[in-house]
Amino acid sequence: MDLLKAVQERKSIRAFKPDPVPRETIEEILRLSIHAPSAINLQPWEFQVVMGEEKERLSRRLMKAYREKQISCGPGTVKPLPRTFGKRGAKTLEGMKPFLDEMKVQPDQFINEGSCNFYGAPVAILIFQDDSFSKGSYVDIGIVLGYFVLVAHAFGLGTCPIGLINAYGDEVKDVLNIPENKGLVIGAALGYPDWEKPINRFKSYRENLDKVVRWVE
Ligand SMILES: Cc1cc2nc3c(=O)[nH]c(=O)nc-3n(C[C@H](O)[C@H](O)[C@H](O)COP(=O)(O)O)c2cc1C
């Protein structure tokens, strides 16, 4: 698939078919994704691919943690966001609403519980990083995630990055037996999109370039 086409077409998928994804396909997607650049080529990413009964177990544990702690999807900022940014999030949620109404689901519940369940995808990809790295290395994880979502799209698969699970990192580590010194950075749902579900018709907007770029010459 043409790269520019993939960049324009890709979007987060929030409803999946239960069909399993062959292990060889996941391997090929990850093999291509790790072509991503990283500082000093340290490749600080450590993937966990969770499938089958283990994925169901993980989802159940996350749902339980969500019910207990009630930490929702949010920007996770250290200060309140400047209005410009807050408005972007609100506009995105507004854009999703008609599709969620069509599905007769409550938006908060759909997104929070959906995220904990990787939106029903058969595969959960989790990316960890050794705690020796500084937070600056999150950039490398962000880049590999970017490659991953595009490569998966080129394979006809859907993805949704799941940052919410960061709030439940201890539970994730416990259920998957992850060593103390490995930190959960981000997760992603992976599977075949269920195109019958209205939410998958939603495509998020982007600001015009003049709102996000300042030219200095
Ligand atoms: C770091 C990161 C964390 C995210 N976490 C979540 C999440 O927990 N739940 C969710 O439904 N979507 C999540 N998303 C998906 C974003 O909402 C989505 O990328 C954004 O709205 C733009 O839409 P698009 O991916 O369809 O282009 C996350 C995306 C990123 C990059």
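Residues numbered from 1 in each chain as written. Predicted model: local features only at pLDDT ≥ 70, side-chain atom pairs only at ≥ 80, totals over all residues. Heavy atoms only, no water.

1. Description of the pattern of salt bridges
Piece 1. Throughout the structure, instances matching the rule amount to 15 salt bridges.
Piece 2. Between arginine 60 and glutamate 53 there is a salt bridge, with the nearest N and O atoms lying 3.0 Å from each other.
Piece 3. On the accessibility criterion, arginine 60 (48% relative accessible area) is partly exposed.
Piece 4. Close ionic contact of lysine 64 with glutamate 68 constitutes a salt bridge, the shortest N to O distance being 3.2 Å. (Salt bridge = Lys/Arg side-chain N within 4 Å of Asp/Glu carboxyl O. Buried < 20%, exposed > 50% of the residue type's maximum accessible area, 1.4 Å probe, protein only.)

2. Topic: helix α7 (residues 169–176)
Piece 1. For α7, the buried fraction is high: six of the eight residues fall into the buried class.
Piece 2. Inspection of α7 places Gly169, Glu171, Val172, Lys173, Val175 and Leu176 among the buried residues, and these make up the whole buried set.
Piece 3. Along its buried surface, α7 packs onto β1 (46–51), α3 (52–69), β2 (123–130) and β4 (182–191).
Piece 4. Downstream of α7 by one or two residues, asparagine 177 has phi in the positive range, about 60°. (Helix = DSSP H or I, 4+ residues; strand = E, 2+ residues; numbered from the N terminus. Contact = heavy atoms within 4.5 Å.)

3. Here's the deal with the environment of arginine 83
Piece 1. Mapped onto the elements, arginine 83 comes out in helix α4 (residues 83–102).
Piece 2. With relative accessibility at 66%, the residue arginine 83 sits in the exposed group.
Piece 3. As a C-alpha pair, arginine 83 and lysine 97 span 14 residues in sequence and 21 Å in three-dimensional space.

4. Thoughts on the packing of helix α2 (residues 23–33) against helix α6 (residues 138–154)
Packed helix pairs are specified by the crossing angle of their axes together with the interaxial distance, meaning the distance between the axes.
Piece 1. Packing of α2 against α6 leaves a shortest axis separation of 8 Å and a crossing angle of 135°. Judged by the inter-axis angle, α2 sits oblique to α6. Here α2 runs over α6; the crossing is right-handed. For the pair α2 and α6, contact is made by Ile29, Leu30, Leu32 and Ser33 and by Val144, Tyr147, Phe148, Val151 and Ala152, respectively.
Piece 2. Per-class residue counts for the contact of α2 with α6 are eight nonpolar, one polar and no charged. (Axes fitted to C-alpha atoms, helices over the stretch in contact; angles between N-to-C directions. Parallel < 35°, antiparallel > 145°, perpendicular 65-115°, else oblique. Left-handed = near helix turned anticlockwise from the far one by under 90°. Nonpolar A, V, L, I, M, F, W, Y, C, P; charged D, E, K, R; others polar.)

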